[in-house]
Amino acid sequence: DVQLVESGGGSVQTGGSLRLTCVASGAAASICMGWFRQAPGKEREAVATIYIAFHPEDQRTYYASSVKGRFTISPGNATNTVSLQMNSLRPEDTAMYYCAARRAFDGACAANYDYWGQGTQVTVS
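Reading the values: rules and limits
Residues numbered from 1 in each chain as written. Predicted model: local features only at pLDDT ≥ 70, side-chain atom pairs only at ≥ 80, totals over all residues. Heavy atoms only, no water. Salt bridge = Lys/Arg side-chain N within 4 Å of Asp/Glu carboxyl O. Helix = DSSP H or I, 4+ residues; strand = E, 2+ residues; numbered from the N terminus. Buried < 20%, exposed > 50% of the residue type's maximum accessible area, 1.4 Å probe, protein only. Core = buried A, V, L, I, M, F, W, Y, C linked by side-chain atoms within 4.5 Å. Disulfide = S-S within 2.5 Å. Pairing = 2+ DSSP bridges. Contact = heavy atoms within 4.5 Å.

**Student:** So what's going on with the pattern of salt bridges? Residues and values would help.
**Tutor:** Taken as a whole, this structure holds three salt bridges when the rule is applied. Taking the shortest distance from any N to any O, the salt bridge between D93 and R37 comes out at 3.0 Å. One end of the pair, D93, is in the loop between β8 (81-86) and β9 (95-103); the other, R37, is in strand β4 (residues 31-38), with 56 residues separating them in the sequence. Note on D93: relative accessible area 1%, which makes it buried. A salt bridge links R70 to D93; the nearest nitrogen and oxygen atoms lie 2.8 Å apart. Taken together, the residues span a long stretch of sequence, with R70 in the loop between β6 (60-63) and β7 (71-75) and D93 in the loop between β8 and β9 at a distance of 23 residues. Here R70 and D93 have matching classes, each one buried. Residues joined in a network through salt bridges with shared partners are R37, E45, R70 and D93.

**Student:** Talk me through the nonpolar core; I want residue IDs and the actual numbers.
**Tutor:** Grouped together as the largest cluster of nonpolar side chains are 30 residues, with contacts concentrated most on M33, W35, L84, M86 and Y97. Counting only elements with at least two residues in this core, the list comes to β3 (18-25), β4, β5 (45-52), β7, β8, β9 and β11 (120-124). Core analysis: the next-biggest nonpolar cluster, separate from the first, contains nine residues, A46, Y51, A100 and C109 among them.

**Student:** Outline the state of the cysteines, supporting the account with residue identities and numerical values.
**Tutor:** The term disulfide refers to a covalent linkage connecting the sulfur atoms of a pair of cysteines. A full pass over the atoms with the stated rule returns two disulfides. Residue C22 pairs covalently with C99 via a disulfide, S to S 1.9 Å. Across the disulfide from C22 to C99, rotation about the S-S bond amounts to roughly -85°, and the bridge is consequently left-handed. Of this pair, C22 sits in strand β3 while C99 sits in strand β9, and the two are 77 residues apart along the sequence. Accessibility classification places C22 together with C99 in one group, the buried group. The disulfide partner of C32 is C109, and the gap between their sulfur atoms is 2.0 Å.

**Student:** So what's going on with the pairing of β5? Which residues, and what values?
**Tutor:** In terms of burial, β5 is largely enclosed, as seven of its eight residues are buried. Examined bridge by bridge, β4 and β5 share seven bridges and lie antiparallel to one another. Within β5, the residue paired with W35 across the bridge is A48. The pairing of β5 with β6 spans four bridges and is antiparallel. Bridged to T49 within β6 is Y62.

**Student:** Can you break down the environment of C109 residue by residue, with the values?
**Tutor:** When you line up the elements, C109 lands in the loop between β9 and β10 (115-116). Residues C109 and S11, 98 residues apart in the sequence, show an inter-C-alpha distance of 29 Å. Excluding anything up to four places from it in sequence, C109 contacts C32, T49, I50, Y51 and R102.

What follows is the structure, encoded as structure tokens:
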């Protein structure tokens, strides 16, 4: 089984930054990992996903249009670890952020995630 642990959430003023980290233990060699968020009264949405491949050149990323240019998803230094650097935060970024992972067979990481973390709250005011 894959266990996911998120960290890095908190409260920040508008324009500030936060860095979320997700650690996936027991993951396969090639995986999709992603950050999703859900605000009260809204549907869960994908924020950013990444295909962590054997060859870094094959890495693929996706960003929601609302966070392009502000958020960056990247592999961490540890195996099967990803970070989400969030800059220029806005109140509309306030949500519970969830890390997700699944085994990857190609670079398509949009859906079908099997494993989910407990979430970390991000509040921007």
